[in-house]
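# Examination of the molecular architecture
Here's the letter readout for the chains.
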Amino acid sequence: MRLYAVVAAGGFRRHATYRVATAAGVFTNTVFGFIMAYTYIALWDERPQLGGYDQSEALTYVWLGQALLMTCAMMGGGFESDLTERIRSGDIAVDLYRPADLQLWWLAGDLGRAAFHLLGRGIVPMVLGALAFDLALPGSVWMWPAFLVSVLLGVVVSFALRFLVALSAFWLMDGAGALQMAMLAGLFFSGMLLPLNLFPGVLGEVARALPWSSLLQVPADVFLGKRTGWGLVQAYAFQAGWAVALLLAGRLLQSVATRRVVVQGG
């Protein structure tokens, strides 16, 4: 485990070196936060309590989305491009023969990346949003750690999804298309564009049941106090269930890909 802790720390330091990019990201997140906030204000002025949120809660949802956009990699931007390229070039064979688990190695690095983005690109937009608007911040101090646990589970679900997509490059000529489709799915089904509670009928039920809802919708509802008591346990179980299922699927796909590499190498 010490090895993976070092990898996670390395992932944090790697992204911390890009200070100008981080500043530009904070600026971009803040600008888009203001654009979406005023759009939500106009929408909630016409439809108060839309999706079960009052206007203050809706604005909080906007800024949570900006804080978690890169943390949960809803648009990608994590390890998946590097892993896809290593598969395409054949360098993955070296990784598979190393005395380290491929999935845990990339997971550790992605956790380090997520921690940096939560601190480096998440806090400032959220603070600026709280200064500019009347946000619905948690009334209980215990809701903050509850929220962070949900964010952690969301990061693991996000990693597991992107790991599966990256491994598809073993069977595709180019993984760019799969990565693009995963990015679009992440934006839409995470609730980044609109809260999933606004989706009508069957579409809403399906969207809330898919793993992408773990990236934003579930953590936001925890933060807003929509999931407390048994509801909070159910939220954690939902996220953890998807995390375990997707990680196991990734491990299975990794095993198949490893056998393929060994056969081709032999």
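Right above here is the structure, for reference.
Description of the structure in this document. (Residues numbered from 1 in each chain as written. Predicted model: local features only at pLDDT ≥ 70, side-chain atom pairs only at ≥ 80, totals over all residues. Heavy atoms only, no water.)

## Remarks on unusual backbone geometry
Its identity as a non-glycine residue notwithstanding, Gln 49 has a phi of 65°, on the positive side. The topology assignment puts Gln 49 in the loop between α2 (19-46) and α3 (55-68). With phi around 50°, Ala 73 is a residue other than glycine that occupies positive phi space. Relative accessible area serves as the criterion here: at 5%, Ala 73 is assigned to the buried category. (Helix = DSSP H or I, 4+ residues; strand = E, 2+ residues; numbered from the N terminus. Buried < 20%, exposed > 50% of the residue type's maximum accessible area, 1.4 Å probe, protein only.)

## Some words on the side chain of Thr 60
Positionally, Thr 60 belongs in helix α3. Excluding anything up to four places from it in sequence, Thr 60 contacts Met 126, Leu 135, Ala 136, Phe 223 and Leu 224. (Contact = heavy atoms within 4.5 Å.)

## Observations regarding a nonpolar patch on the surface
A cluster of nonpolar side chains, Phe 12, Leu 119, Ile 123, Val 124, Val 127, Leu 128 and Leu 131, forms an exposed patch at the surface whose accessible area comes to about 600 Å². If you tally residues by element for the nonpolar patch, the top one is helix α6 (residues 102-132), at six residues. Examined against the element boundaries, Val 124 turns out to sit in helix α6. Among the residues examined, Val 124 registers a relative accessible area of 37% and is labelled partly exposed. (Patch = residues over 30% accessible without salt bridge, like charges linked within 9 Å, V, L, I, M, F, W, Y side chains within 5 Å. Areas by Shrake-Rupley, 256 points an atom, 1.4 Å probe, with all protein chains shown as cover. Salt bridge = Lys/Arg side-chain N within 4 Å of Asp/Glu carboxyl O.)

Functional significance is not addressed by these values, which are geometric in nature.
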